[in-house]
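The residues making up each chain are set out below.
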2 protein chains.
Amino acid sequence: MAAKRSSAGSRTSRRTGASRPPAPEPAGEPSLSLERIVAAAVELLDAQGLDGLTMRRLADRLGAGAMSLYWHVGSKGEVLDLALDAVLAYRGAPQTGRARDWRAEVVHMLEDWRACMLRHPWSASLLPRRALGPNILARLELLGETLSRAGVAEADLNAGIWSLWNYVMGATITRGSFDLSDEDRAAAQRRLTELGQHYPTIAGTRLLLDDDWDGAFRKGLDFLLDGIAPGR
Amino acid sequence: MAAKRSSAGSRTSRRTGASRPPAPEPAGEPSLSLERIVAAAVELLDAQGLDGLTMRRLADRLGAGAMSLYWHVGSKGEVLDLALDAVLAYRGAPQTGRARDWRAEVVHMLEDWRACMLRHPWSASLLPRRALGPNILARLELLGETLSRAGVAEADLNAGIWSLWNYVMGATITRGSFDLSDEDRAAAQRRLTELGQHYPTIAGTRLLLDDDWDGAFRKGLDFLLDGIAPGR
DNA sequence: ACCTGAACACCGTTCAAGT
DNA sequence: ACCTGAACACCGTTCAAGT
């Protein structure tokens with residue numbers, strides 16, 4: 001009953017529905033709607049990054065005047081909230097016939113979460129700064145439910161959920177940022193090697209040149225899960 | 001020999017040194033210098049946040065014209081880099097007479113790291129996006145050295161370091177962001193309770209109202225350290 | 001109900017000068 | 001060597017109108 005609480009459906013264009021026959025995409029600009037705005041925002045963010053999203057540019061891309069957006073949306077922040085939630089829906093683990101390992105379930109969901117954010121590199125750094133939309137809450141719920149089923153004590157449940165959140169956020173934000181500057185990373189490692197006497201350990205392990213991001217993510221996640229539910 | 005490679009000392013005002021007697025702070029504005037600029041930037045960031053730092057406002061606060069900064073600094077990004085590094089120096093653990101537990105060493109350094117960033121709430125979200133300065137590298141080196149001493153296998157060392165980095169970054173960025181909006185958090189939890197049938201687990205554990213940030217940080221860190229160096 | 005242009009109060013940075 | 005103001009090409013958002 002409390003299903004359609006979000007604003008997503010309330011103001012969208014009904015023009016094509018009621019008085020006219022549902023003219024099949026009349027070739028011209030199909031006029032504004034929340035859905036179109038959010039979709040265009042995601043495209044623009046993917047193409048140009050966080051700084052690339054500008055109300056003027058967004059309107060341009062939609063063939064509208066800059067101020068037309070403000071009828072559908074309260075502020076630029078709202079556009080960001082909606083774009084973020086749009087990008088984080090979870091389809092769930094693939095259904096094998098058999099009941100799934102709790103650990104496989106958690107790993108699958110978190111790797112998918114990370115993958116979603118890396119596909120939209122602006123999203124990771126944005127997520128901790130904005131309100132938690134329904135898609136994010138659903139992921140947290142799945143996490144809590146699965147850990148609980150795995151036997152994590154009630155008193156440890158919140159700490160377990162947040163530690164996984166923290167790990168995934170930190171890993172993805174870092175990965176997304178460093179990705180932009182392979183050049184800088186190599187330069188940093190070069191400087192680090194020059195200064196070998198100051199940083200012998202991490203110069204030796206070539207910390208800044210380690211390229212196996214996916215493997216390192218999985219490995220750290222295993223460390224953490226080992227600690228959260230030891231011996232399972 | 002490669003010690004003073006950073007730009008920090010190269011262009012600073014020598015006015016008070018050579019031709020004049022070292023006039024003891026002549027009451028007027030002491031003119032610009034990299035040090036003064038960085039110090040003012042940190043103050044401004046602390047007071048107004050990331051969006052509050054503006055080249056014009058920064059110059060204003062220093063009693064200079066807006067463009068004067070650009071003689072000392074290449075861009076706004078450079079100001080951010082320097083402010084960030086200035087804020088992350090590590091004094092090391094307090095020296096007790098006895099050799100320190102490796103685990104206590106790691107926990108101390110990471111809790112201090114987190115505390116530094118929370119004292120300057122703009123810093124956490126900035127750190128993963130910018131180059132790694134010497135203070136940050138020194139912390140990573142300490143981490144690697146300590147884990148290695150604790151017996152973590154060479155092959156696991158980078159993964160161990162990065163997983164701790166990820167955890168600390170995620171935790172601190174999240175903490176710093178949520179701090180700004182207790183109101184929103186309460187509202188989110190209220191909505192979450194209303195929608196109890198959709199999110200029964202995290203509604204039950206009151207995930208969004210959990211206020212013991214320090215305790216949760218420590219608990220998650222213990223999970224992770226248990227996984228990185230099991231049984232020590 | 002939906003969209004618009006002009007205007008306001010800002011940005012970071014380039015440039016040609018000043019001292 | 002150090003600092004400056006004017007100017008350029010932008011921002012998000014308010015407002016008073018248009019249809």
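Chains are numbered independently. Their residues run from 1 in the order of the written sequence. For this description, chains carry letters from A and ligands carry numbers from 1, given in the order in which they are written. Residues qualify for local features only when their pLDDT is at least 70, as the model is predicted, and side-chain atom pairs are given and counted only at 80 or more; totals for whole chains, interfaces and linings, by contrast, use all residues. The side-chain figures draw on all heavy atoms in the structure; neither hydrogens nor water molecules are used.

A few words now on the overall build of chain A. Within chain A, the regular secondary structure consists of 11 helices and 0 strands. Secondary structure elements follow DSSP: runs of H or I of four or more residues count as helices, runs of E of two or more count as strands, with numbering from the N terminus. The linear arrangement of helices and strands in chain A, starting from the amino end, is α-α-α-α-α-α-α-α-α-α-α. Counting only residues that meet the buried cut, chain A has 46% of its 232 residues in that class. Restricting the contact set of chain A to residue pairs at least 6 apart, pairs at least 24 apart contribute 66%. By element, 51% of the accessible surface of chain A is carried by carbon and sulfur atoms, the whole surface being about 11,800 Å². Three labels apply to residues, based on accessible area from a 1.4 Å probe with only protein chains included: buried if under 20% of the type maximum, exposed if over 50%, partly exposed otherwise in between. By the convention used here, residues are in contact when the closest approach between their heavy atoms is within 4.5 Å. Where accessible areas are quoted, they stem from the Shrake-Rupley method and a 1.4 Å probe; at the residue level, only the protein chains shown are allowed to cover.

In this section: the protein's contact with DNA strand D. Neighbouring residues are identified by heavy atoms, a residue being near a molecule or strand if any of them is within 4 Å of it. In the vicinity of DNA strand D there are 17 residues, among which A:Arg56, A:Met67, A:Tyr70, B:Ser68 and B:Trp71 approach most closely. When atoms of DNA strand D within 4 Å of the protein are sorted by moiety, sugar and phosphate together comprise 50%. Polar contacts, as counted here, are pairs of nitrogen or oxygen atoms within 3.5 Å of one another; within protein the pair requires one atom able to donate a hydrogen and one able to accept it, and residues that are adjacent in sequence qualify only if both atoms are side-chain atoms. For DNA strand D, a phosphate oxygen lies 3.1 Å from a polar atom in the backbone of A:Met55. Contact distances for DNA strand D include 3.5 Å between a phosphate oxygen and a backbone N or O atom of B:Leu32. Those elements that place two or more of their residues in the surface near DNA strand D are α2 (55-61) of chain A together with α3 (69-72) of chain B. Looking at the surface near DNA strand D element by element, the count peaks at 3 residues for α2(A). Under the grouping applied here, Gly and all other residues not named as nonpolar or charged are polar, the nonpolar ones being Ala, Val, Leu, Ile, Met, Phe, Trp, Tyr, Cys and Pro and the charged ones Asp, Glu, Lys and Arg. Taken together, the residues of the surface near DNA strand D break down into 8 nonpolar, 6 polar and 3 charged.

This part covers the packing of helix α1 (residues 34-48) of chain A against helix α4 (residues 76-86) of chain A. The axes of two packed helices give the description: the angle between them and the distance between them. All names here are of chain A. As a rule, the C-alpha atoms of each element are fitted with a line to give its axis, helices using only the stretch in contact, and angles between N-to-C directions run from 0 to 180 degrees. As a packed pair, α1 and α4 sit with axes 9 Å apart at the nearest point and diverge in direction by 80°. Between α1 and α4, the angle falls in the class roughly perpendicular. Residues Leu34, Val38, Ala41, Val42 and Leu45 of α1 form the contact with α4, whose own contacting residues are Val79, Leu80, Leu82, Ala83 and Ala86. For the contact of α1 with α4, the residue count by class is 10 nonpolar, no polar and no charged. Note that the term roughly parallel is reserved for angles under 35 degrees, roughly antiparallel for angles over 145, roughly perpendicular for angles of 65 to 115, and oblique for everything else.

Looking now at the side chain of A:Arg139. Along the chain, A:Arg139 falls in helix α7 (residues 134-149). A distance of 3.2 Å separates a polar atom in the side chain of A:Arg139 from the backbone oxygen of A:Ala89.

Here we take up the UniProt feature "domain: HTH tetR-type" (unreviewed entry) in chain A. UniProt positions are given in the numbering used here, feature names are shortened, and annotations may be inferred rather than shown by experiment. UniProt records the feature "domain: HTH tetR-type" (unreviewed entry) for residues 31-91 of chain A in the present numbering. Annotation note: span residues 31-91 of chain A, helix share 61%, strand share 0%, distance between end C-alpha atoms 30 Å.

Residues and elements named next belong to chain A. Boundary definitions for the domains trace back to an automatic or database domain assignment. Per the domain assignment, the segments of chain A are domain 1 (2-87) and domain 2 (102-228). Buried surface at the junction of domain 1 and domain 2, both sides included, amounts to about 1,100 Å², of which 65% is carbon and sulfur. When two parts are put together, the accessible area they lose, computed with a 1.4 Å probe and summed over both, is reported as buried area. In terms of surface lost to domain 2, no three residues of domain 1 exceed Leu84, Asp85 and Val87, which account for 51% of the buried area on that side. We define a salt bridge as a contact between a side-chain nitrogen of Lys or Arg and a carboxyl oxygen of Asp or Glu at a distance within 4 Å. Taking the shortest distance from any N to any O, the salt bridge between Arg130 and Asp81 comes out at 2.4 Å.

Considering soluble globular proteins, one finds that nonpolar side chains tend to be buried as a cluster. In this structure, A:Leu58, A:Trp113, A:Leu164, B:Leu58, B:Trp113 and B:Leu164 are the most contacted members of the largest nonpolar core, which totals 143 residues. Setting aside residues up to four positions removed in sequence, A:Trp113 forms contacts with A:Leu88, A:Leu127, A:Ile136, A:Arg139, A:Leu140, A:Trp165 and A:Met169. Nonpolar core, defined: a set of buried Ala, Val, Leu, Ile, Met, Phe, Trp, Tyr and Cys residues in which side-chain atoms within 4.5 Å join the residues together.

This paragraph deals with the protein's contact with DNA strand C. Every one of the 17 residues lining DNA strand C counts as a neighbour, but A:Ser68, A:Trp71, B:Arg56, B:Met67 and B:Tyr70 are closest to it. The sugar-phosphate share of atoms of DNA strand C within 4 Å of the protein amounts to 49%. B:Arg56 is positioned such that a nitrogen or oxygen atom in its side chain is 2.4 Å from a base nitrogen of DNA strand C. Here a phosphate oxygen of DNA strand C and a side-chain polar atom of B:Arg57 are 3.5 Å apart. Of all the secondary-structure elements, those providing two or more residues to the surface near DNA strand C are α3 (69-72) of chain A together with α2 (55-61) of chain B. When residues in the surface near DNA strand C are grouped by element, the largest group, 3 residues, is from α2(B). Broken down by class, the residue content of the surface near DNA strand C amounts to 8 nonpolar, 6 polar and 3 charged.

Looking now at the relation of the copies chain A and chain B. When chain A is fitted to chain B, the residual RMSD is 0.0 Å, and the transformation amounts to a turn of 180° plus an axial shift of 0.0 Å. On this basis, the relationship between the two copies can be described by a two-fold rotation axis. Taken together, the interface assignments show that 100% of the residues at the interface of chain A recur at the interface of chain B, consistent with an identical surface on both copies. We superpose the copies by least squares over the C-alpha atoms of residues that have a pLDDT of at least 70 in both of them.

Working definition: rings of Phe, Tyr and Trp (its six-membered ring) pair if their centres are within 6.5 Å, and the pair is stacked with planes under 30 degrees apart, edge-to-face with planes over 60 apart, and tilted otherwise. Under the criterion given, the structure shown has 6 aromatic pairs over all chains. Between B:Trp113 and B:Trp165 the ring centres are 5.8 Å apart and the planes differ by 75°, which places this aromatic pair in the edge-to-face class. On the criterion of sequence distance, the pair formed by B:Trp113 in helix α5 (residues 102-119) and B:Trp165 in helix α8 (residues 154-179) is long-range, its members being 52 residues apart. There is no split in this pair, since B:Trp113 and B:Trp165 are both buried. The ring centre of A:Phe217 lies 4.6 Å from the NZ or CZ of A:Arg114, which sits over that ring. The criterion is that NZ of a Lys, or CZ of an Arg, lies within 6 Å of the ring centre and within 35 degrees of the ring normal, and then a charge sits over that ring.

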